[in-house]
Amino acid sequence: MLMLKGVGVAYEGRPFVHDLDLEVADGEVLALLGPSGSGKSTVLRAIAGLEPATGAIAWDGRSLAGVPTHRRGFALMFQDGQLFPHLTVAANVAYPLRLRGMGRNARRSRVDELLELVGLAGYGDRLPATLSGGQRQRVALARALAVEPRLLLLDEPLSALDAALRSRLAHDLRAILTESRTTAVLVTHDQREALVVADRFALLDDGRLVRAGDLAPIRATIPDGYLDPLPELEQ
Amino acid sequence: MRRRAALAGLAVVPVAVLLVFFVVPVSGMVERGFRTDGHWDPVGVLDVLGRDYVRRAIWFTVWTSASATAISVALGLPAAYALYRLTFPGGRLLRAALLVPFVLPTVVVGVAFRELLRAGGPLGFLGLDGTPGAILAGMVFFNVAVVIRAVGAAWESLDRRPAEAAAALGAPPFRVFRTVTWPALRPAVISSASVVFLFCASAFGIVLTLGGLRYSSVETQIYLLTTDLLDLQGASALSIVQLLAVTVLLVLAARLRRVADPTAARSVARPRRPLVSDAPALAVTALLVVLVALPLATLLVGSLRVDGGWSLADYHRLASPGADDLLVVPVLQSLWISLRTALGAMALSLTLGLSISLVVTRRMGTRGERRVLAVLDGLFMLPLGVSAVTLGFGLLVTLDRAPFDFRSAPWLVAVAQALVALPLVVRTLAPVLLGIDDRQRQAAASLGAGPLRRALVVDVPVMARPLLAAAGFAFATSLGEFGATSFLARPESPTLPVVIYRLLGRPGADNYGTALAASVVLAAVTALVVLLVDRLRVPSLGAF
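Predicted model, so just to flag it, every value in this text is computed and none were measured.

Overview of the overall build of chain B
What chain B contains, in helices and strands, is 23 helices and 4 strands. Taken against the 2.2 N^0.38 rule, which gives 24 Å for 544 residues, the C-alpha radius of gyration of chain B at 24 Å falls within 12% of a compact globule. Principal-axis analysis of the C-alpha atoms places the extent of chain B at approximately 70 × 60 × 45 Å. Of all 544 residues assigned to chain B, the portion counted as buried reaches 55%. Long-range pairs, those at least 24 residues apart, make up 80% of the contacts in chain B between residues at least 6 apart in sequence. Summed over all atoms, the accessible surface of chain B reaches about 23100 Å², with 67% contributed by carbon and sulfur. The distance from the centre of the 48 positive side-chain charges to the centre of the 30 negative ones in chain B is 13 Å.

Focus on the packing of helix α2 (residues 42–50) of chain B against helix α3 (residues 52–85) of chain B
Residues and elements named next belong to chain B. At a minimum axis separation of 5 Å, α2 and α3 run at an interaxial angle of 70 degrees. Relative to α3, α2 is oriented roughly perpendicular. Judged by residue contacts, V48, L49 and G50 of α2 engage D52, V54 and R55 from α3. Residues that form the contact of α2 with α3 fall into these classes: 3 nonpolar, 1 polar and 2 charged.

As for the pairing of strand β2 (residues 14–24) of chain A
All names here are of chain A. Two elements, strand β1 (residues 2–11) and β2, share 7 bridges in a ladder whose sense is antiparallel. Looking at β2, one finds that L2 is bridged to V24. Between the antiparallel neighbours β1 and β2 lie 2 residues, among them E12 with a positive phi of about 45 degrees.

What to know about unusual backbone geometry
Residue and element names in this part refer to chain A. The residue D60 is not glycine, and still its phi comes out positive at about 50 degrees. Taking the relative accessible area as the measure of exposure, D60 reaches 51% and is therefore exposed. In the Ramachandran plot, E148 falls in the positive-phi region, its phi being about 50 degrees despite a non-glycine side chain. Relative to the elements of secondary structure, E148 occurs in the loop between α4 (133–146) and β7 (151–155).

Description of the sheet that holds strand β9 (residues 200–205) of chain A
All names here are of chain A. What the 6 strands build is an open sheet, ordered β6-β7-β8-β3-β9-β10; its pairing is mixed. Of all the strands in the sheet, just β6 (74–77) and β10 (208–214) have a single pairing partner and so form its edges. With strand direction ignored, the average angle separating the axes of adjacent strands in the sheet is 15 degrees. Note: strand β3 (residues 29–33) against β9, 4 bridges, orientation parallel. Within the sheet, the bridge partner assigned to A31 lies in β9 and is F201. Across the face of the sheet, helix α1 (residues 40–48) comes into contact with β3, β6, β7, β8 (184–187) and β9 while running at roughly 150 degrees to β7.

Concerning the interface of chain A and chain B
Listed as interface residues are 21 residues of chain A and, on the opposing side, 20 residues of chain B. Interface area, chain A with chain B, both sides summed: about 1700 Å², of which 61% is carbon and sulfur. Per-residue buried area on chain A facing chain B is highest for H70(A), Y95(A) and L99(A); these three make up 32% of the total on that side. With a shortest N-O distance of 2.7 Å, E164(B) and R45(A) are connected by a salt bridge. Counting only elements with at least two residues in the side of chain A that touches chain B, the list comes to β6, α2 (89–99) and α4 of chain A. For the side of chain A that touches chain B, the element with the most residues is α2(A), which contributes 4 residues. Grouping the amino acids of the side of chain A that touches chain B by side-chain chemistry returns 12 nonpolar, 4 polar and 5 charged.

A short note on the packing of aromatic side chains
In total, this model carries 14 aromatic pairs over all chains according to the counting rule given. Aromatic pair F60(B) and Y215(B): ring centres 5.6 Å apart, planes at 20 degrees, arrangement stacked. In this pair, F60(B) sits in helix α3 while Y215(B) sits in the loop between α10 (205–211) and α11 (218–227), placing the two residues 155 residues apart along the sequence. Note on accessibility: F60(B) and Y215(B) belong to one class, buried. Here the aromatic rings of F113(B) and F141(B) are separated by 5.3 Å at their centres, their planes lie at 80 degrees, and the arrangement is edge-to-face. Here F141(B) lies in helix α7 (residues 132–156) and F113(B) lies in helix α6 (residues 106–117), a separation of 28 residues in the sequence. Owing to a relative accessible area of 5%, F113(B) belongs among the buried residues under this scheme. Through successive ring pairs, a cluster of aromatic residues spans Y81(B), W155(B), F177(B) and W182(B). Over the ring of F84(A) we find R143(A), and its NZ or CZ is 4.6 Å from the ring centre. A cation sits over an aromatic face here: R95(B) above Y84(B), 4.0 Å from the ring centre.

A word on the nonpolar core
Grouped burial of nonpolar side chains is what soluble globular proteins tend to show. Core analysis: the largest hydrophobic core is formed by 161 residues, its most contacted members being F21(B), F102(B) and I500(B). Ignoring sequence-local partners within four residues, the contact set of I500(B) consists of V107(B), V108(B), V111(B), A515(B), A518(B), S519(B) and L522(B). Y95(A), L114(A), L177(A) and V180(B) belong to the second largest nonpolar core, which has 53 residues in total.

Points about a positive patch on the surface
On the surface, R98(A), R104(A), R108(A) and R178(B) cluster together to form a positively charged patch. The class for R98(A) is partly exposed, based on a relative accessible area of 45%.

Concerning the sheet that holds β1(A)
Residue and element names in this part refer to chain A. The strand order across the open sheet formed by 4 strands is β2-β1-β4-β5, and the pairing between neighbours is antiparallel. The sheet terminates laterally at β2 and β5 (62–63), the two strands that pair on one side only. Contacts between α1 and the sheet are confined to β1, β2 and β4 (53–59), with β1 contributing the most and set at about 115 degrees to the helix.

Overview of helix α22 (residues 496–504) of chain B
Residues and elements named next belong to chain B. A large share of α22 lies buried, amounting to 7 of its 9 residues. Considered for burial, the residues of α22 that qualify are L496, P497, V498, V499, I500, L503 and L504. At its buried positions, α22 is contacted by α6, α10, α15 (331–360), α20 (451–480), α21 (485–488) and α23 (509–534).

Concerning the side chain of E156(A)
Residue and element names in this part refer to chain A. Summarising the element assignment, E156 is placed in the loop between β7 and α5 (163–179). When its relative accessible area of 7% is taken as the criterion, E156 is described as buried. A polar contact is formed between the side chain of E156 and the side chain of H189, at a distance of 3.0 Å. Among all residues touching E156, those that are not within four sequence positions of it are K40, Q79, V187, T188 and H189.

With respect to a nonpolar patch on the surface
A cluster of nonpolar residues, L456(B), V457(B) and V460(B), forms a patch on the protein surface that exposes about 270 Å² of accessible area. Mapping V460(B) onto the fold places it in helix α20.

Describing helix α8 (residues 161–168) of chain B
Counted residue by residue, α8(B) has 6 buried out of 8 residues, so it is predominantly covered. Next to the buried residues of α8(B) lie α1, β6, α2 and α4 of chain A together with α9 (173–201) of chain B.

Overview of the pairing of β3(A)
Residue and element names in this part refer to chain A. Of all 5 residues in β3, 5 are buried, a share of seventy percent or more. With burial as the criterion, each face of β3 is covered, one bearing V29, A31 and L33 and the other bearing L30 and L32. Sheet analysis places β3 next to β8, joined by 4 bridges and oriented parallel. Along β8, the bridge assignment pairs A31 with L186.

Rules of the game
- Residues numbered from 1 in each chain as written.
- Chains lettered and ligands numbered in written order.
- Predicted model: local features only at pLDDT ≥ 70, side-chain atom pairs only at ≥ 80, totals over all residues.
- Heavy atoms only, no water.
- Helix = DSSP H or I, 4+ residues; strand = E, 2+ residues; numbered from the N terminus.
- Rg over C-alpha atoms; globule rule 2.2 N^0.38 Å.
- Buried < 20%, exposed > 50% of the residue type's maximum accessible area, 1.4 Å probe, protein only.
- Contact = heavy atoms within 4.5 Å.
- Areas by Shrake-Rupley, 256 points an atom, 1.4 Å probe, with all protein chains shown as cover.
- Lys, Arg positive; Asp, Glu negative; His and termini not counted.
- Charge placed at Lys NZ, Arg CZ, Asp CG, Glu CD.
- Axes fitted to C-alpha atoms, helices over the stretch in contact; angles between N-to-C directions.
- Parallel < 35°, antiparallel > 145°, perpendicular 65-115°, else oblique.
- Nonpolar A, V, L, I, M, F, W, Y, C, P; charged D, E, K, R; others polar.
- Pairing = 2+ DSSP bridges.
- Buried area = accessible area lost by both parts, 1.4 Å probe.
- Salt bridge = Lys/Arg side-chain N within 4 Å of Asp/Glu carboxyl O.
- Phe/Tyr/Trp six-rings, centres within 6.5 Å; stacked < 30°, edge-to-face > 60°.
- Lys NZ or Arg CZ within 6 Å of the ring centre and 35° of its normal.
- Core = buried A, V, L, I, M, F, W, Y, C linked by side-chain atoms within 4.5 Å.
- Patch = residues over 30% accessible without salt bridge, like charges linked within 9 Å, V, L, I, M, F, W, Y side chains within 5 Å.
- Polar contact = N/O pair within 3.5 Å; in protein donor to acceptor, adjacent residues only side chain to side chain.

Structure representation (structure tokens):
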């Protein structure tokens, strides 16, 4: 379980996030909502250990202060995926597996499983530059899942994609997170995406938490079909 | 069609200048290697290459250059990281200060290291005086700035997020460096290393002043063969070897540069405050600063010490022509000659460099056109590595017939210096021009701006500072140029580096002291120019 208590982040002395309290239970997906500049990505980076923060950030009651990013056991997926351009798709996905010293055969079969999971079986030998934006994000997701993270941090994972693809991938993302029972924090400015992917939401504005709650009751009030994938445009 | 004609018009002057003042002299030297007593004798070249001292010179050049390059990279990488990715008080000043050695006149560097390493000098106990170690130290001192600049520019503009992504996937810092950062930096490292190797292999002033007659590289061997032994065939045979090696290296460097030009599209990462884990990089940087400051401080102190006491006597002598008629003109007057010549060289190299940069950075339609541009680009880089001695001597021996009898023309020195500075100007300007998005020009055109107006609105504002920076850089380089100038400067109007070298060749504490004082003056002028220029913050400056 992730717990934030009184967390603040400042850039060059100027406070950016104020006194934030948050909790994410195991297996739960929390959506961090808010307009751009509200500090939601900063919070995510603070959880990942990429920004120095004040207050307490703890996992299962143990403080993460002083634990560097690579020892936190979290995985962070960026808006534009940040695949390593000089590595193939398979090598990208295998990157965290190599770090753990997994043997070559085990690695290969795990990579195949993960690519299968994100719907890209058979793409292992391609280079990231030859993929479409949606495919790249799927690879980035597979790579993040390869960590078997205690917590998956998703920073606007679908924002760079067009509307139709975004809505379809949101449903895929939900299915994948549910299937792998991953605890996750999703940063997004798209409320529809939050409604599809997340269980709970927290709304930030100007670095402060304005509202938080369950998404299920809201989903119940939404007309049928509103959250269905949008039709893809003819290419 | 009209565009092509305009480009050809722009290219014709620099190409003509390069042909007359570079290609003809250098090939004139090369041709002499293939002739003995007026007939064609290609075998003679091979004979020369078989000689013992020639093989020794080649081997000496290769191993000293390779070692100096390796040391420069080893010291330059951590310093590039510390100076371009971290922010700490005085960091910017250090960045500028570490560029100074690169433009210091080689003769000055030679004098400073001799003063530092001589018996009784501050580092005399190392016993490095007159050894290859001293030459290596001089080369590293001179070239480490190239690595810092080139790799620093690449590192600074390196997106932080891939490294963060790797860390977020569980990669510890060294692993992040090895798998993410290093592959992104490698082109800049290899490219700067090849340029450093080139500079080391064609280093003249340093090897001559520190190596004396015991150690000679290809470059100083060419000098000795032409001036002392009058063995033109041997000299040109060595020039041919050098020319071939340089061409191969330049082609390689251009290839590598094309892979990733770090200066073209920049997204400068915000530097952060140093952490405990940055201590090793900061320590190397501090060591480097000491290594750079020590010879210069020794030089300054040496010029102020006379007979064990403090005195300005060495500086007073700068105004007098010298006791033994050695100097035709007082040192101060040769400083004026240097400044005037360097100004001329600067104007010329800037004019040529700008038109070359405009031509080679145009986007061209067909493959053939692009190939012509690539060849042009490489051609103008040649002076970077071709022996300045070959150039200087070539100018002397080929420009002796009408209508090209320019040997005694006072501006010939300026032309030679301009050619030596030309690659630096092009390498400063071309990346900036490449970085201008062509769509901005198209947007201006679509709003009704003609070609001149477009240049005024889009190119000129971006180019103003790089032009100024390139001007300062060319000026400082010309001021200290020694290789070609030593051949071409007429006895009655020697430049300051030539005078310093002459003074060093004479016995007597007075002459030596005057040389020290003159070196301090020359170093101060070039350092001042470079420190001013660096305030313009042009990223491609000094990065290749």
